[in-house]
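The lines below spell out each chain.
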Amino acid sequence: MEKSVLLHVFVGVVALLGISLVTADDPYRYYTWTVTYGTLSPLGVPQQVILINGQFPGPRLDVVTNNNIILNLINKLDQPFLITWNGIKQRKNSWQDGVLGTNCPIPPNSNYTYKFQAKDQIGTFTYFPSTLLHKAAGGFGGLNVYERPRIPIPFPNPDGDFTLLVGDWFKTNHKTLQQSLDSGKSLPFPDGVLINGQAQNTFSGDQGKTYMFRISNVGLSTSLNFRIQGHTLKLVEVEGSHTIQNIYDSLDVHVGQSVAVLVTLNQPPKDYYIVASTRFTRRVLTASAVLHYSNSHTTVSGPLPAGPTYQIHWSMQQARTFRWNLTASAARPNPQGSYHYGKIPLTKTIVLANSALLINGKQRYAVNSVSYINSDTPLKLADYFNIPGIFNVDSIQTLPSNGSTYLATSVIPSSLHDFIEVVFQNNENAIQSWHLDGYDFWVVGYGSGLWTPAKRGTYNLDDALTRHTAQVYPKSWTTILVSLDNQGMWNLRSAIWERQYLGQQLYLRVWTAVHSFANEYNIPSNALLCGKAVGQHP
């Protein structure tokens, strides 16, 4: 890992970095990443992949709460490129979010320096390319935010810490996959599942010791079930929330989600299978790795441990058991449960229904009958420079409509400090996974069929956990509550990449008329300008 450098903040540094309101105790970590193509054989067939500093997956970022990350990204690909920091809230700083609604993509043979802070966060996160179908070629990695030394954690320090990036994988080149989507066709079924970019991995530990496994689904399309032969999984953290420490034989992890579990090596000394297999698919794809006891002389043997045979109901029931640890601290000393989210009056209810359809004979996906199209000018820049004609806050309704589907750059307006209810209504037969940048949110309810206001009686208003990505089961609904305390332009998207690419996304504009550093940082001095923002002055 790159060497961390501690600098005391003074006025000149603040001006240079474009970061405000940090304290002298918050260290700076400096990185330089070069993005290139390479050739590897993750599934046994040579193919082009995206490397960061020659690595696939990319380098793991291990940082501490409130660290400031200064990361110079050099794009050596032949296409524009961006990375988004999945689950990092970018407090007051949507300028650094790394999606096409906030940032101009980095041109080939050019660079951009990201400058952001892991403000008031701990937990297991990831980063990945947000442009085109680059995620299908790599460019993703783990991002772990550790607690400050003076903040207690609700479990003993583990004896080791493993990051597992698990996801479905295609042998087909990312440009070919993109061309398929552009021509109006869906992606094929994946060719396999990878763990840390490989079909085979070994994780070693000592008998009697306890290890943390940080598991993230970095795939494009498929929910996964994770399990370890002969061992149980103690869930301790989900995307920055410390959880009630329930014990599981296996866990479903949906696209874009992350969990952290403790595993105690309390079995006879030998090698055991680690398994990730696809869920809710007619054909089950499986990846395996090895948990190796250091005193083992016996290799893995026998059949792989079977995953759950029950489908939607089993998974939904498991999801309801994920609960907030109300007495545990997170990034701050105060307990998570000191924020009584269930007692806050709602400002607004938004119901979002996804759909799949053909427009002009081509496959598209929509939200409330609007299929999103990217603008050449990032929405954040258009908003900042008052450039007309880029987006319209009346382009999408906040309730599903029965009207015809149309293309638009859809933005939902909201006010800073609103407290909103968002219902994801999934009338399709396919599972959904929804992600919101800039926030975590309370997942208060899952249910089958159509949501109605009467379903609020089933909500968990006491100890629902917060996370950044929520699954919605087929023919079902999921409700989240969000405290809009982070001004900016924030992407709300399907984490299933085909659906995102073909229109299942929108932006949430969290705004106030009061211009203040207390609400939002200024545009960075190094901001890339494109589209109609060219010629403007940051």
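Since the structure is predicted, the reported quantities are computational estimates derived from the model, not experimental observations.

Draft legend 1. Spotlight on the domain arrangement of the chain. The domains assigned to the chain are domain 1 (25–148), domain 2 (152–331) and domain 3 (341–527). Computed from C-alpha coordinates alone, the two centres of domain 1 and domain 3 are separated by 23 Å. Both faces combined, the contact of domain 1 with domain 3 buries some 2,600 Å², and carbon together with sulfur accounts for 55% of it. Together, Lys89, Lys92 and Trp95 form the three largest contributors to the area buried by domain 1 at its contact with domain 3, with a combined 30%.

Draft legend 2. Here's a closer look at the sheet that holds strand 18 (residues 250–253). On the basis of which strands lie adjacent, the open sheet formed by five strands has the order 12-21-20-14-18 and mixed pairing. The open sheet has two edge strands with one neighbour each: strand 12 (202–205) and strand 18. Neighbour-to-neighbour, the strand axes of this sheet turn through a mean angle of 20°, independent of strand direction. When strand 20 (residues 271–278) meets strand 21 (residues 286–293), the two strands line up antiparallel, connected through seven bridges. If you follow Val275 over to strand 21, its bridge partner there is Ser288. Sheet strands in contact with helix 3 (residues 312–320) are strand 14 (224–228) and strand 18, and its direction is about 95° off that of strand 18.

Draft legend 3. Spotlight on helix 2 (residues 174–182). Taken as a whole, helix 2 has its buried residues at His174, Leu177, Gln178, Ser180 and Leu181. The arc enclosing the buried residues of helix 2, seen along the axis, measures out at 155°, which places them on a common side. Close packing links the buried residues of helix 2 with strand 2 (28–40), strand 3 (47–52) and helix 5 (497–501). Between the side-chain oxygen at the start of helix 2 and the backbone nitrogen of Lys175 there is a gap of 2.7 Å, and the oxygen is on Asn173.

Draft legend 4. Examining the side chain of Asn460 more closely. You can see Asn460 is positioned in the loop between strand 29 (441–448) and strand 30 (466–467). The class of Asn460 is buried, set by a relative accessible area of 15%. At 2.8 Å, the side chain of Asn460 forms a polar contact with the side chain of Asp463. Among residues more than four places away in sequence, those in contact with Asn460 are Arg323, Tyr341 and Val444.

Draft legend 5. Geometry of the packing of aromatic side chains. Scanning all chains against the criterion turns up 29 aromatic pairs. Here the aromatic rings of Trp324 and Trp442 are separated by 6.0 Å at their centres, their planes lie at 90°, and the arrangement is edge-to-face. Here Trp324 is found in the loop between helix 3 and strand 22 (348–359), whereas its partner Trp442 is found in strand 29, with 118 residues between them in sequence. Lys135 extends its terminal NZ or CZ atom over the ring of Phe128, reaching a point 4.3 Å from the ring centre. The cationic tip of Lys380 hangs over the ring face of Trp95; the distance from NZ or CZ to the ring centre is 4.8 Å.

Draft legend 6. Layout of the pattern of salt bridges. Throughout the structure, instances matching the rule amount to 16 salt bridges. Here Lys380 makes a salt bridge to Glu520, at a shortest N to O gap of 2.5 Å. Placement of the pair is Lys380 in helix 4 (residues 379–384) and Glu520 in the segment after strand 34 (505–511), with a sequence separation of 140 residues. The exposure classification of Lys380 matches that of Glu520, with both residues buried. Linked through salt bridges whose partners overlap, the residues forming this network are Asp161, Arg214 and Glu237.

Draft legend 7. Representation of helix 3. For helix 3, the full list of buried residues reads Ser315, Met316, Gln318 and Ala319. Projected down its long axis, helix 3 carries its buried residues within an arc of 160°, all on one side. Residues of helix 3 that are buried sit in contact with strand 17 (247–248), strand 18, strand 29, strand 31 (469–472) and strand 32 (476–483).

Draft legend 8. Structural context of the UniProt feature "domain: Plastocyanin-like" (unreviewed entry) in the chain. According to UniProt, the positions carrying the feature "domain: Plastocyanin-like" (unreviewed entry) are residues 35–148, 161–296 and 376–513. Secondary structure content for residues 35–148 is 0% helix and 43% strand, and the end C-alpha separation is 31 Å. Measuring from the first to the last C-alpha atom of residues 161–296 gives 20 Å, for a span that is 7% helix and 49% strand.

Basis of the calculations
Residues numbered from 1 in each chain as written. Predicted model: local features only at pLDDT ≥ 70, side-chain atom pairs only at ≥ 80, totals over all residues. Heavy atoms only, no water. Domains from an automatic or database assignment. Buried area = accessible area lost by both parts, 1.4 Å probe. Pairing = 2+ DSSP bridges. Helix = DSSP H or I, 4+ residues; strand = E, 2+ residues; numbered from the N terminus. Axes fitted to C-alpha atoms, helices over the stretch in contact; angles between N-to-C directions. Contact = heavy atoms within 4.5 Å. Buried < 20%, exposed > 50% of the residue type's maximum accessible area, 1.4 Å probe, protein only. Arc of directions from axis to C-beta. Polar contact = N/O pair within 3.5 Å; in protein donor to acceptor, adjacent residues only side chain to side chain. Phe/Tyr/Trp six-rings, centres within 6.5 Å; stacked < 30°, edge-to-face > 60°. Lys NZ or Arg CZ within 6 Å of the ring centre and 35° of its normal. Salt bridge = Lys/Arg side-chain N within 4 Å of Asp/Glu carboxyl O. UniProt positions renumbered as here; feature names shortened; annotations may be inferred.

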